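Single-letter residue listing:
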Amino acid sequence: MVAMEFGCKILMLFSMLVLGKAEVYIVRVEGEPVISYEGGVDGFEATVVESDEKMDVNSEKVTSYSRHLEKKHDMLLGMLFDRGTYKKLYSYRHLINGFAVHISPEQAEILGRAPGVKSVERDWKVRRLTTHTPQFLGLPTGVWPTGGGFDKAGENIVIGFVDSGIYPHHPSFATYNEEPYGPLPKYKGKCEVDPGTKRSFCNGKIIGAQHFAEAAIAAGVFNPEIDFASPLDGDGHGSHTAAIAAGNNGIPVRMHGHEFGKASGMAPRARVAVYKALYRLFGGFVADVVAAIEQAVHDGVDILNLSMSPNSPPATTKTTFLNPFDATLLSAVKAGVFVAQAAGNGGPFPKTLLSYSPWIASVAAAIDDRQYKNHLTLGNGKILPGMGLSPATHANRTFTMVAANDVLLDSSVMKYSPSDCQRPEVLHKNLVEGNILLCGYSFNFVVGTASIKKVSETAKSLGAIGFVLAVENVSPGAKFDPVPVGVPGIVITDVSKSMELIDYYKISTARDWTGRVKSFKATGSIGDGLIPVLHKSAPQVALFSARGPNIKDYSFQDADLLKPDILAPGSLIWAAWALNGTDEPNYLGEGFAMISGTSMAAPHIAGIAALIKQKHPHWSPAAIKSALMTTSTTLDRSERPIQAQVYSGSETVTLVPATPFDYGSGHVNPRAALDPGLIFDAGYEDYLGFLCTIPGINAQEIKNYTNSQCNYTLGRPSNLNTPSITISHLVGTQTVTRTVTNVAAEETYVITARMAPAVAIETNPPAMTLRPSASRKFTVTLTVRSVTGSYSFGEVLMKGSRGHRVRIPVVAMGYDR
């Protein structure tokens, strides 16, 4: 008995040593996953799903084959390794066949050589890609009435969110003022229970709530005190994205005693299914995300929102389109799930996209027509523009301004960066009270260790009438968004204007020979920044929004596929926030937040896709994506071409005409997307054909990831039936083929095309008549006229006799050989 105990302890010690240096690996093995299993294994019927069909997850054949795959995963590990020297985290059975396991690098090598193992890839990280927009997009007047009003918009459509969880008690997800939600038999998801309160996270609106953290726990970064071992949002990001897509309509956005309008999701009646796989401090891991996506598709979501992406593509695969993450999404689309993914926040620089594949909708971020502006009026009459979502100081009065460094209690506190105004206890209350406190915007605000919210709290606790934050130099990564505060406050973001303020303060402030202030004479007043200014030069492509061209491999070679796909609002978006959300220090403890990112753009598309799915329940993911893209606009509200924010020099932001590499097909137009006239449809076989035409990728690697043979080819990747045309290396003349399907009444379309002068473009036929549900092919021929060393942009336009207008962007770069 003692010897047995000693032996167990030795084995445990050995396993701890092994697992101490262990890492998480995603392993893929031979054999079809549920979604593509066509039979052939004794005792197990075929479970293959026809393209774009839903999987019946409760059928006996699916559950038994699924159990069979999991047993095989366990047997493989059990044969290779002693118990206790490894830990299997997940079995992937439905979309890909494999598992995630925590093992040492030496064990990973052994596993990689084992018969039946296709690939062993070390796990890699993912990150977040972080109201007024329903009105801006025309939903209340142009879309919701067609489906029975906002209280029916998105009815019985389930949107899955792989994100940081949800704050279930928020009014945006409440059911007490809503028409009761009935059962939804098509959805099979689970609802976890809050470990503390023992209450379910679901309420009818929230229909599923689960969390995935095995890889994070194995990596040693999961902290249950901060990250919560439940679907509870410890970040804020997940609640924000869910509310943008599917939050209740008409929720008052109140903060600091002011109402900033009423918030609504794009599809306010849609159900919310939560799959938490992102966490506050470290983001997340692909192994957890793949498990979450598998579960979401298994449970029966209609739409999947991914406001995140891998930090970088795994360099172990030859193409950006083939890795465990994108292969899982391909299977999700095969199962009929529309996927919206944030394009990335690496803009305005080219090739910064983090969403590559044709089967998903990659969403860029736009600035809408609402801006918050404010101004500081100095005692010398100068007016300095700035940003401050705050009330004004008292009308017709000016107030003395005191700089934080001049009102220190003790010079020794300089070590605390007192000019940041984060610590009221180091400042002299008697000198600050009744005055405007001047603070400095340092790098601490960029990295998040200082916040405008805290400046506001400091000013309030010291009795200041308000505060000014002066930006003396712009640090890389600085992003100036207006932050709602309860006291008058302003950030002077223009460095030259900050210098004018500092010069005025210096001249007006009398000092003794030691530099100590004798009298404060600088005065000023802060304007009202609570009222938004609406402008017509919207939408614009946001500075941070990731740009194309798309890449096909890790040498950053250009792909013959346009990305991003579409542009949607993603800047300064008001939506729900978790009271314990910590992602944005300026919104700690608040119920709403106004934040920016392609994270905010993706759920706009997910919610609008839910409205399309509600109206056209049998449309494929590709059909929904096509409807969104072909009806989008490249013009702003003043009927001028959309512009994109870029850097001019090192720091200054300027505007340039936007291209398809900035906005894809254009800015989403929900009303038109519900009735697109024609669609460019595609399914699993088409995407497989696309993969099989990519140069340098052998058929075996494609089979490894898709379990499918290359029996079908498109000839060239540019022949994939997408609502865009991209040829990255055009030599001489090339003809591409597209097929359109009529989803309206019989209509005749006239086809025209235009292109930049370096490339000639022709279409054939010049016109076509299509009956309802009929499909027709047409060709687009591109010819190099002159080699310019840059891309040429154009479009194919199809004008219907009944008023439909279908437009696809064309992108090509000409070469002489």
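Preceding this paragraph is the structure being described.
The structure reproduced in this document is the subject of the present report. Worth saying up front: this structure is predicted, and the values here are computed from it rather than measured.

Brief notes about the packing of helix α9 (residues 286–299) against helix α10 (residues 324–334)
Next up, step 1: The N-to-C vectors of α9 and α10 enclose an angle of 5 degrees; their axes lie 10 Å apart at closest approach. Judged by the inter-axis angle, α9 sits roughly parallel to α10. Contacts between α9 and α10 involve V286, V289, V290, I293 and V297 from the former and P324, F325, T328, L329 and A332 from the latter.
Next up, step 2: Partitioned by chemical class, the residues of the contact of α9 with α10 number nine nonpolar, one polar and no charged.

Some thoughts on a nonpolar patch on the surface
Next up, step 1: On the surface, F349, Y647 and V653 cluster together to form a nonpolar patch covering roughly 270 Å² of accessible area.
Next up, step 2: If you trace the backbone, V653 turns up in strand β32 (residues 652–657).
Next up, step 3: Accessibility expressed as a relative area gives 42% for V653, which makes it partly exposed.

Quick notes on the sheet that holds strand β34 (residues 725–731)
Next up, step 1: A sheet is described by the order of its strands in space; here five strands give the open sequence β34-β41-β40-β36-β38, paired in mixed fashion. The two strands at the open ends of the sheet, each matched to only one other strand, are β34 and β38 (767–770). This sheet shows a mean twist of 25 degrees between the axes of neighbouring strands, independent of strand direction.

Some details on the nonpolar core
Next up, step 1: Counting residues in hydrophobic clusters, the biggest one holds 75 residues, and the most contacted among them are V162 and I293.
Next up, step 2: Here this core takes nine residues from α9, the largest share from any one element.
Next up, step 3: One finds A242, F260, A542 and A593 within the second-largest nonpolar core, a separate group that totals 73 residues.

As for the state of the cysteines
Next up, step 1: All chains considered together, the criterion is met by three disulfides.
Next up, step 2: What pairs with C191 in a disulfide is C202, and their sulfur atoms sit 2.0 Å apart. Linking C191 and C202, the disulfide has an S-S dihedral of approximately -95 degrees and is accordingly described as left-handed. With C191 in the loop between β6 (158–163) and β7 (206–211) and C202 in the loop between β6 and β7, this pair connects stretches of sequence that are eleven residues apart.
Next up, step 3: Judged by relative accessible area, C191 falls into the partly exposed class, the value being 32%.
Next up, step 4: Residue class for C202 comes out buried when judged on its relative accessible area of 17%.
Next up, step 5: With its sulfur 2.1 Å from that of its partner, C421 forms a disulfide with C439.

Details of helix α20 (residues 699–706)
Next up, step 1: Of the positions making up α20, those classed as buried are E701, I702, N704, Y705 and T706.
Next up, step 2: As for α20, its buried residues are in contact with β1 (23–29), β4 (117–122), α10 and α19 (684–691).
Next up, step 3: Measuring from the side-chain oxygen of the N-cap residue of α20 to the backbone nitrogen of Q700 gives 3.2 Å; that N-cap residue is N698.

What about the packing of aromatic side chains?
Next up, step 1: Enumeration according to the criterion identifies 18 aromatic pairs in this entry.
Next up, step 2: An aromatic cluster is present here, built from Y90, Y92, F212 and Y275 joined pairwise through their rings.
Next up, step 3: When the ring centre of Y705 is taken as origin, the NZ or CZ atom of R28, which lies over that ring, is 4.0 Å away.
Next up, step 4: Residue placement shows K334 over the ring face of Y684; its charged tip is 4.4 Å from the ring centre.

As for the pattern of salt bridges
Next up, step 1: For the coordinates displayed, the defined rule picks out 25 salt bridges.
Next up, step 2: Its salt-bridge partner being R254, residue E259 comes within 3.4 Å of it at the nearest N-O pair.
Next up, step 3: For E259, a relative accessible area of 33% translates into the label partly exposed.
Next up, step 4: Taking relative accessible area as the criterion, R254 reaches 57% and is therefore assigned exposed.
Next up, step 5: Here E500 ties to K382 by a salt bridge, and the two come within 3.4 Å at their closest N and O atoms. On the criterion of sequence distance, the pair formed by E500 in helix α14 (residues 495–508) and K382 in the loop between β17 (374–378) and β18 (383–386) is long-range, its members being 118 residues apart.
Next up, step 6: Exposure remark for K382: the relative accessible area of 41% places this residue in the partly exposed category.
Next up, step 7: Here the residues in one salt-bridge network are E70, D74, K88 and R93, joined through shared partners.

Calculation notes
Residues numbered from 1 in each chain as written. Predicted model: local features only at pLDDT ≥ 70, side-chain atom pairs only at ≥ 80, totals over all residues. Heavy atoms only, no water. Axes fitted to C-alpha atoms, helices over the stretch in contact; angles between N-to-C directions. Helix = DSSP H or I, 4+ residues; strand = E, 2+ residues; numbered from the N terminus. Parallel < 35°, antiparallel > 145°, perpendicular 65-115°, else oblique. Contact = heavy atoms within 4.5 Å. Nonpolar A, V, L, I, M, F, W, Y, C, P; charged D, E, K, R; others polar. Patch = residues over 30% accessible without salt bridge, like charges linked within 9 Å, V, L, I, M, F, W, Y side chains within 5 Å. Areas by Shrake-Rupley, 256 points an atom, 1.4 Å probe, with all protein chains shown as cover. Salt bridge = Lys/Arg side-chain N within 4 Å of Asp/Glu carboxyl O. Buried < 20%, exposed > 50% of the residue type's maximum accessible area, 1.4 Å probe, protein only. Pairing = 2+ DSSP bridges. Core = buried A, V, L, I, M, F, W, Y, C linked by side-chain atoms within 4.5 Å. Disulfide = S-S within 2.5 Å. Polar contact = N/O pair within 3.5 Å; in protein donor to acceptor, adjacent residues only side chain to side chain. Phe/Tyr/Trp six-rings, centres within 6.5 Å; stacked < 30°, edge-to-face > 60°. Lys NZ or Arg CZ within 6 Å of the ring centre and 35° of its normal.

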